[in-house]
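Below are the chains, spelled out letter by letter.
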Amino acid sequence: MTDSERPAQPGASEIERAERVVRLAWLSLPAPHRALLEAIGAAQWQIVDRSLGTAVDELLVSAGHPALPPRARRELDLALGVWVQELRIIVVHAGHPKLAGLDDATYEAFIARTAWHEWGHALSVVRCTPEDIAAGHRMLDLAPPGIREGIRNAGYRSSDYTHELVAETYALLMARHRRKASGRPLWLNNEIYNLVTRVTGWSD
Amino acid sequence: MERLSSPVGYTLGENQRVQDVLAVEAELLRSEGIDPAWPGFDEPGKGNTQPQ
């Protein structure tokens, strides 16, 4: 099947395709990171082919948790991935409209990036201090412009800035790691790097 | 059960495309002399190795 022939709506094969990439993204993590994620209960994932607000709401309710508030459900419907702390699971929307029509390399790079982002997000939620959260707005100002604008334009609340910054930086460091690069990149502010190393255990 | 807080998902801006996100990443990698082309994965074997 060529890219132009790829269906806009995913089927079982699209879920399997995303599942494969997330599994490989997991295996690409440094072993100590996998151990840390297992320790905080963030080593499970599920790939779905429907909006995450609906999918996560059903997962929560079926596990005996309260349903999502309508606003949270609407916001989650726009998301490509999410870590659900109560369920200790990452959920990825393989059928998200923004994934439609991507070539194989772009699709694989972005699904892997989404998984790395969510594992970084999970570590941030569990391990950041209240002071880290309070510093989110200031820290975001220190981020590379493209990353900073991406987070601002996605509509997050300022109380989410630290988690999103850690998640994005973690995904970027993993992108470098896949390309055999290590150490603090020159484009990354030292304060952000120190935050990410403390929260995620990044050590190369 | 008590809600911790509503989960916050990974969201792109309304007009932001996947290619735009990867272009930002590529620019950063290129700025330090790293080839931004996606290197792919070395498939270690078939089957779901997700921890149970």
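Treat the numbers as computed from the prediction; the structure is a model and nothing was measured.

Draft legend 1. Highlighting the overall build of chain B. Each helix and strand in chain B was counted, giving one helix and zero strands. When burial is assessed residue by residue, chain B has 21% of its 52 residues classed as buried.

Draft legend 2. Up close: the overall build of chain A. A count of helices and strands for chain A gives 10 helices and three strands. Each helix (α) and strand (β) of chain A, taken in turn from the N terminus, gives the series α-α-β-α-α-β-β-α-α-α-α-α-α. In terms of overall size, chain A behaves like a compact globule, its C-alpha atoms giving a radius of gyration of 17 Å where 204 residues would be expected to give roughly 17 Å. Across its three principal axes, chain A shows a C-alpha extent of roughly 45 × 40 × 35 Å. Expressed as a percentage of the 204 residues in chain A, the buried residues total 43%. Long-range pairs, those at least 24 residues apart, make up 71% of the contacts in chain A with a sequence separation of at least 6.

Draft legend 3. Local environment of the interface of chain A and chain B. Between chain A and chain B, the contact holds 54 residues from the first and 36 residues from the second. Going through the elements one at a time, helix 1 (12-28), helix 3 (52-62), helix 4 (70-77), strand 2 (81-84), helix 5 (104-127), helix 8 (145-153) and helix 9 (161-178) of chain A are the ones with two or more residues in the side of chain A that touches chain B. Of all the elements, helix 5 of chain A adds the most residues to the side of chain A that touches chain B, at eight residues. For the side of chain A that touches chain B, a count of residues per class yields 31 nonpolar, 13 polar and 10 charged.

Draft legend 4. A look at the sheet that holds strand 3 (residues 89-93) of chain A. Residues and elements named next belong to chain A. Spatial ordering of the open sheet is given by 1-3-2, a layout of three strands whose pairing is mixed. One side of each edge strand has no neighbouring strand; the edge strands of this open sheet are strand 1 (45-48) and strand 2. For this sheet, the mean inter-axis angle between neighbouring strands, taken without regard to orientation, is 20 degrees. Direction of pairing for strand 1 relative to strand 3: parallel, over a ladder of four bridges. Bridge pairing in strand 3 places Gln46 opposite Val91.

Definitions and limits used
- Residues numbered from 1 in each chain as written.
- Chains lettered and ligands numbered in written order.
- Predicted model: local features only at pLDDT ≥ 70, side-chain atom pairs only at ≥ 80, totals over all residues.
- Helix = DSSP H or I, 4+ residues; strand = E, 2+ residues; numbered from the N terminus.
- Buried ≥ 20, exposed ≤ 12 C-beta atoms within 10 Å, placed from the backbone.
- Rg over C-alpha atoms; globule rule 2.2 N^0.38 Å.
- Contact = placed C-beta atoms within 7 Å.
- Nonpolar A, V, L, I, M, F, W, Y, C, P; charged D, E, K, R; others polar.
- Pairing = 2+ DSSP bridges.
- Axes fitted to C-alpha atoms, helices over the stretch in contact; angles between N-to-C directions.

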